[in-house]
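Take a look at the letters that make up each chain.
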Amino acid sequence: MLAAVCLLGSVACSVADASPTVDQTLSGPWQFRIQPDSAEARTHAATRAWHAAQVPGEVQTDLLANKLIPDPFYRDNEAKLQWIGLADWDYRTTFQVTPGLLRHGHLDMVFDGLDTFADVDLNGHHILAADNMFRRWRVPVRAWLHPGDNTLTVTLHSPIARLLPWLLKQPYALPGEFDSAFGDEPKGKQTANYVRKAAYQYGWDWGPRFVTEGIWKPVRLEAWSTLRIADFHIAQPQVTAQAARLQAQFEIQADQPGKAMLHVEWSAPDGHRSGARQAVVLHRGDNLVMVPIRIEHPQRWWPAGYGAQNMYRFHGEVAVAGHVLASAERETGLRSVVLRRRKDKWGRSFEFVVNGVPIFAKGADLIPFDSFPTRVTPRKMEQILKSARAANMNMLRMWGGGYYESDAFYTMADRLGLMIWQDFMFGGAIPPYDKAFRDNTRVEAVQQVKRLRDHPSIVLWCGNNEVQTGWDSWSDRKKFKQAVGPVETARIEKGMRALFDHTLRDVVTTYDPTVPYWSSSPSTDDEGPANVLDNGDYHFWDVWSGSAPIGKYLDVTPRFQSEYGLQSMPVMATIDSFTRPSDRSPETPVMRAHQKFANGNGNQRLLFYIRGYYGEPKDFASFVYLSQVMQAEGIELAAEHLRASRPHAMGSLYWQLNDVWPGASWSSIDYYGRWKALQYHARRFYAPLRVVPIRKDGTTRVSVVSDRRAPFQAQLRVRVIGMDGTPVWSHLQNVRVAALASTPAGDFTDAQLLHGADPSRSVAVFDLLDHGKLLSRHVVYFRRAKSLDLPDPGLKATLSADGREVTVSAQRFAREVWIGFGDLDARLSDNAFNLLPEQSVTLQVDSTAAPDALRKAMHVRSLYGATVATNSAGMQPGTKP
């Protein structure tokens, strides 16, 4: 009888034949132990015994589940757990094989992910030596299987212990990213460059060092006969509003040559169904065959804010002599994507055009969701992605120092309309130039591109993060080039060009040709120097890393700003989760351990900006609050400057959306999914319609930015009021808001606005109106926050009986109102907002906590009283010291 089966990525295959087929997942029970020959085995005796393990998983998560280590994220436990990544570890399982299974023509052992150096034995036979965390490994194992119990053993080797002795013998070490803070690698001798493993696990300036090992993705035994579908892909050579010209591509591995019939059926989002057939001739071995498809007036996929996220389902079958031998399913969205780069008066543009519509990219950079990848649940991913969509984002940049995400992640992005800028996994370190490394990476890239290419959310493949700009301009790279000399420098540069400009570009061109490739971020795609304002994408770090004033954001207008950021603390509930009360001060050892910037000195940088703009924090809770206010208001200024500069600038991706652990970072959502002030601000500054008044050098320039695809008529209302509510001046004008544009709406000097009013006690309120309906509001200040004479706003907050709404009001102007619920989790429909005098707003509350508990824990604060210099003596509003 004929039978076939496959499961590759998100392609599920089945057989319409009575013969049984098998896709046997080896989910356990598994056991693990420290490798007896590891030096660390002598000092960690409890790990020498076999313990229960979880596959997929990591050594650290298995040790934690068996209570052999403390919580890695609590206090300073990170330093105590570095030994784990220096040891080798054994995993084993026993699984059943039936005589029926052995009758199949092929039995393949498939490892979807091994982290990272692994030796695999099956029934005592060595079957695999793996060396790449990002690859799938398929091994024919029929010869070594027998009926009954079979034993699979995986020995995972420490990447540091494997590579460091070799590296220390080399004439030099390639420049890496962050030296270990724990002494397991000498300064300047980083092994991470030389292994295909998630770089962030070696430590970053926002995350800890946990060098993982493990079977981090499923292991399965695949049995098939005659043929199998290795891949099923819906290529999209041309998609327009009139028609979609597609190709259903089958990769078929066949035992014998012969004729076959391909059949493809599809269902449209509206339920319409159709199909097509194609006769083909299969050769023995690997075959690429296809069925041409034409869909009239396709229901296209659109990014968030531009249309529906329409998805088509395709079902493919392979039949021989009328018998269906294998079938596959694929879901995809039909869309065209172009990275438009044309010369204009500012240089050369950089803009994404989807279905012919230029899109201003609004979003953030995404890092892994956890230090330990297998702890990431679909629910956690969905929470973060839905938060991005809720903040009016339409693009996320998948940063190159982590790992390629799961199929579930990209499916969620498809559904939410979040465009994905997908880096290949190179995070800034200089890669080796040898051919073996390049060949290993090529296999990785082919597998990942083929796995992910049917996701319409992926709109760019990028070779790396900051490899070129680092090589060109970072001081340690410059010293390195001087040390190794021009000949070796040229050899390294040639290797980087071969990898990023040829190998990876060729993979994308071959396997996903309708999606653009970009060699590095930031870069000009090898047209010249990286990180320039008039061409390509741009990373801007003068603010924060360079300690430049926040206003410096207004002095740079790149074509696409793909990275910039300001740090902040997470909310107090998150800090409480990893600290004791005695730890809660900026410079305690525990707070420094959870602040990775500048070797723990990042809290001083936070205080530098807080003190410069807001004043001295009154206490630790105020320090935490002010750090978030500073971050939110600073990033808002930068993002709105970019949006107002459209089409000069066509993208704003701030660093960063999320966290891998609880600590200080540039994120707008902390490790536990709690929104910081920046995330609430992002929902406003990324809104489809936004009035943007930017004050610089005593003049406020007003723009109205619109993502609407049609122009409309609106009104701009300008009011200047005292913080106590006293009216000063008002103005109303009509504005014709252009489609997909930033429309200038006027310049106003301070003198025109203030009319002699005290700038420290007045604010300007800019409202965008549609026949009296408020579309957008923005408040402008005439002094830095620490120089404002903020009154006591007289805030009051009341929770409804059912706990689902909170109403907050202010008697006088309140800046950056924050409503918190202590350690209770509650998401508000808005937070970190301003209230005008005598204004009241009602917000929705999303929480599982009981209303009485919420009511008891609720507190409300604003910028007033957050510093020791802000009316700390309890003065009446408007009085002077």
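Before reading on, note that the structure itself is shown above.
Presented here is a report on the structure given in the accompanying data block.

### Looking at the sheet that holds strand β36 (residues 699–706)
Link 1 in the chain: Judged by pairing direction, the sheet is antiparallel, and its three strands sit side by side in the order β35-β36-β39 without closing on themselves. Edge strands, defined here as strands with exactly one partner in the open sheet, are β35 (689–696) and β39 (741–749). Neighbour-to-neighbour, the strand axes of this sheet turn through a mean angle of 20 degrees, independent of strand direction.

### A word on the packing of aromatic side chains
Link 1 in the chain: Under the counting rule described, the total for this entry stands at 53 aromatic pairs.
Link 2 in the chain: On the basis of an interplanar angle of 70 degrees and a centroid distance of 5.8 Å, the ring pair of Phe352 and Phe560 is categorised as edge-to-face. Here Phe560 lies in the loop between β32 (538–539) and β33 (561–563) and Phe352 lies in strand β25 (residues 351–354), a separation of 208 residues in the sequence. When sorted by exposure, Phe352 lands in the same class as Phe560, which is buried.
Link 3 in the chain: By the ring-pair criterion, three or more aromatic residues cluster together here, those being Phe178, Tyr200, Trp204, Trp206, Trp216, Trp399, Tyr403 and Trp655.
Link 4 in the chain: The ring of Trp471 is capped by Lys481, whose NZ or CZ atom sits 4.8 Å from the centre of that ring.
Link 5 in the chain: If you follow Arg815 out to its NZ or CZ, it ends over the ring of Tyr781, 3.7 Å from the centre.

### Here's the deal with the packing of helix α5 (residues 378–390) against helix α6 (residues 407–416)
Link 1 in the chain: Axis separation between α5 and α6 bottoms out at 10 Å; the angle between their running directions is 30 degrees. Between α5 and α6, the interaxial angle falls into the category roughly parallel. Judged by the twist between their axes, the crossing of α5 over α6 is right-handed. Facing Pro378, Met381, Glu382, Leu385, Lys386 and Arg389 of α5, the residues of α6 in contact are Ala408, Phe409, Met412, Ala413 and Leu416.
Link 2 in the chain: Of the residues in the contact of α5 with α6, the class split is eight nonpolar, no polar and three charged.

### Let's talk about helix α14 (residues 677–685)
Link 1 in the chain: Burial within α14 is extensive, with eight of its nine residues counted as buried.
Link 2 in the chain: Among the residues of α14, those classed as buried are Ala677, Leu678, Gln679, Tyr680, His681, Ala682, Arg684 and Phe685.

### Overview of α5
Link 1 in the chain: With 13 residues, α5 should cover 18 Å at 1.5 Å per step; its first-to-last C-alpha distance of 18 Å lies within 8% of that length.
Link 2 in the chain: For α5, the complete set of buried residues consists of Lys380, Met381, Ile384, Leu385, Ser387 and Ala388. The arc that holds the buried residues of α5, viewed along the axis, is 155 degrees, so those residues lie on one side.
Link 3 in the chain: In this structure, the buried side of α5 is in contact with β27 (361–366), β28 (395–398), α6, α14 and β45 (827–828).

### Points about the nonpolar core
Link 1 in the chain: Formed by 221 residues in total, the largest nonpolar core has its most connected members in Tyr91 and Tyr654.
Link 2 in the chain: Here this core takes 12 residues from helix α13 (residues 620–644), the largest share from any one element.
Link 3 in the chain: Among the nonpolar cores identified, the runner-up in size contains 30 residues, and Ile252, Ala268, Val289 and Val318 belong to it.

### Details of the sheet that holds strand β42 (residues 796–799)
Link 1 in the chain: The four strands lie next to each other as β42-β43-β47-β45, forming an open sheet whose pairing is antiparallel. Sheet topology places β42 and β45 at the edges, where each strand pairs with a single neighbour.

### Brief notes about the pairing of strand β41 (residues 773–781)
Where a strand is regular, its side chains alternate between the two sheet faces.
Link 1 in the chain: Two elements, strand β40 (residues 762–770) and β41, share eight bridges in a ladder whose sense is antiparallel. Across the sheet, Asp770 pairs through a bridge with Lys773, a residue of β41.
Link 2 in the chain: Between the antiparallel neighbours β40 and β41 lie two residues, among them His771 with a positive phi of about 50 degrees.

### So, the environment of Val110
Link 1 in the chain: Note on placement: Val110 falls in strand β7 (residues 106–111).
Link 2 in the chain: Residue Val110 is classed as buried on the basis of its relative accessible area, which comes to 0%.
Link 3 in the chain: Taking the C-alpha atoms as reference, Val110 lies 6.2 Å from Leu221; in sequence the two are 111 residues apart.
Link 4 in the chain: Sequence-distant contacts of Val110, that is, excluding residues within four places in its chain, are made with Arg136, Trp137, Arg138, Pro218, Val219, Arg220 and Glu222.

The rules behind the values
- Residues numbered from 1 in each chain as written.
- Predicted model: local features only at pLDDT ≥ 70, side-chain atom pairs only at ≥ 80, totals over all residues.
- Heavy atoms only, no water.
- Pairing = 2+ DSSP bridges.
- Helix = DSSP H or I, 4+ residues; strand = E, 2+ residues; numbered from the N terminus.
- Axes fitted to C-alpha atoms, helices over the stretch in contact; angles between N-to-C directions.
- Phe/Tyr/Trp six-rings, centres within 6.5 Å; stacked < 30°, edge-to-face > 60°.
- Buried < 20%, exposed > 50% of the residue type's maximum accessible area, 1.4 Å probe, protein only.
- Lys NZ or Arg CZ within 6 Å of the ring centre and 35° of its normal.
- Parallel < 35°, antiparallel > 145°, perpendicular 65-115°, else oblique.
- Left-handed = near helix turned anticlockwise from the far one by under 90°.
- Contact = heavy atoms within 4.5 Å.
- Nonpolar A, V, L, I, M, F, W, Y, C, P; charged D, E, K, R; others polar.
- Expected span 1.5 Å × (residues − 1).
- Arc of directions from axis to C-beta.
- Core = buried A, V, L, I, M, F, W, Y, C linked by side-chain atoms within 4.5 Å.

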